[in-house]
Amino acid sequence: MTQYWDGWDPIIHTVITLTAGYIALLIILRLSGPRTMANMTPLDFIVAVTIGSAFGRVLTAVDVPLAQALLTLALLVLLQWLLAWVRGRSPKMRRLLDAPPVLIYYQGKFQRKALRKHQLVEDDVHTAVRNSSRGSLGEVSAVILEQNGGLVVIGDDQLGDGSSVLNYTGRAEDD
């Protein structure tokens, strides 16, 4: 019968743990600053999944004390903040932790090596162009695969001197 009902103790434990954990997580994320909730890099994604997994486990496990749950959440956010701090001060750590942006389309040419390397196809570029409210690749100077996995479309009218494109994404391929 315990499979269906195990008394009120687990229910009360879940209500208290959920409420305290949720409030603690809100406070911890608020104190850690907007960087914790920014567009996700792979590092941010790992931390978010780990926090979700830890919080989910705490909610359903009666044998995990509330203090241990709160400490786990706080340490995960602290670790994420610490790695972001180190990443911001060390180019070596930044290269280790971050995937650089990748140029996948530039001035009328698909960057075939980059497309293959990142398992993208031309249709992905066309989709990104349509999502940017453009109807033609002729209006596009560059499409970049960003660190968070999104495709950014830069129109002809937006490229300017290209200083935020080629300096960070590498040279365009020659055909």
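Everything below is about the structure printed above this text.
Anyway, here's the lowdown on the structure attached to this text. Keep in mind the model is a prediction, meaning the values are calculated, not measured. (Residues numbered from 1 in each chain as written. Predicted model: local features only at pLDDT ≥ 70, side-chain atom pairs only at ≥ 80, totals over all residues. Heavy atoms only, no water.)

**Re a nonpolar patch on the surface**
Thought 1: Taken together, the side chains of Tyr4, Trp5, Trp8, Ile11, Ile12, Val15 and Ile16 make up a nonpolar region of the molecular surface, amounting to roughly 810 Å² of accessible area.
Thought 2: By secondary structure assignment, the location of Ile12 is in helix 1 (residues 8–32). (Patch = residues over 30% accessible without salt bridge, like charges linked within 9 Å, V, L, I, M, F, W, Y side chains within 5 Å. Areas by Shrake-Rupley, 256 points an atom, 1.4 Å probe, with all protein chains shown as cover. Salt bridge = Lys/Arg side-chain N within 4 Å of Asp/Glu carboxyl O. Helix = DSSP H or I, 4+ residues; strand = E, 2+ residues; numbered from the N terminus.)

**Quick word on the nonpolar core**
Thought 1: In terms of nonpolar packing, the biggest core is built from 15 residues, with Ile104, Tyr105, Val125, Val129 and Val143 touching the most fellow members.
Thought 2: Elements with a contribution of two residues or more to this core: strand 1 (102–106), helix 5 (112–117), helix 6 (122–131) and strand 3 (140–145).
Thought 3: Here Val125 is in contact with Ile104, Tyr105, Phe110, Leu115, Leu137, Val143 and Leu151, once residues within four sequence places are set aside.
Thought 4: In this structure, Ile28, Val47, Leu59 and Leu73 belong to the second largest nonpolar core, which totals 10 residues. (Core = buried A, V, L, I, M, F, W, Y, C linked by side-chain atoms within 4.5 Å. Buried < 20%, exposed > 50% of the residue type's maximum accessible area, 1.4 Å probe, protein only. Contact = heavy atoms within 4.5 Å.)

**Focus: the packing of aromatic side chains**
Thought 1: Applying the stated criterion across every chain yields a total of one aromatic pair.
Thought 2: Here the aromatic rings of Tyr105 and Phe110 are separated by 5.1 Å at their centres, their planes lie at 70°, and the arrangement is edge-to-face. For the pair formed by Tyr105 and Phe110, the shared burial category is buried. (Phe/Tyr/Trp six-rings, centres within 6.5 Å; stacked < 30°, edge-to-face > 60°.)

**A few points about the packing of helix 2 (residues 42–60) against helix 3 (residues 66–89)**
Thought 1: Where helix 2 meets helix 3, the closest approach of the two axes is 10 Å, and the angle between their N-to-C directions is 180°. Taken together, helix 2 and helix 3 sit at an angle that is classed as roughly antiparallel. Contact residues: helix 2 offers Leu43, Asp44, Val47, Thr50, Ile51, Ala54, Phe55 and Val58, while helix 3 offers Ala69, Thr72, Leu73, Leu76, Val77, Gln80 and Leu83.
Thought 2: Residues belonging to the contact of helix 2 with helix 3 are distributed by class as follows: 11 nonpolar, three polar and one charged. (Axes fitted to C-alpha atoms, helices over the stretch in contact; angles between N-to-C directions. Parallel < 35°, antiparallel > 145°, perpendicular 65-115°, else oblique. Nonpolar A, V, L, I, M, F, W, Y, C, P; charged D, E, K, R; others polar.)

**Details of the environment of Leu97**
Thought 1: Here Leu97 lies in helix 4 (residues 91–97).
Thought 2: With 14 residues separating them in the primary sequence, Leu97 and Leu83 have C-alpha atoms 8.8 Å apart.
Thought 3: Non-local contacts of Leu97, meaning those with residues more than four positions away in its chain, are made with Leu43, Leu83 and Arg87.

**Re the pattern of salt bridges**
Thought 1: Within this structure, the stated rule accounts for one salt bridge.
Thought 2: One salt bridge connects Glu122 with Arg112, and the closest N-O pair in it is separated by 2.4 Å. Of the two residues, Glu122 is situated in helix 6 and Arg112 in helix 5; the sequence distance between them amounts to 10 residues.

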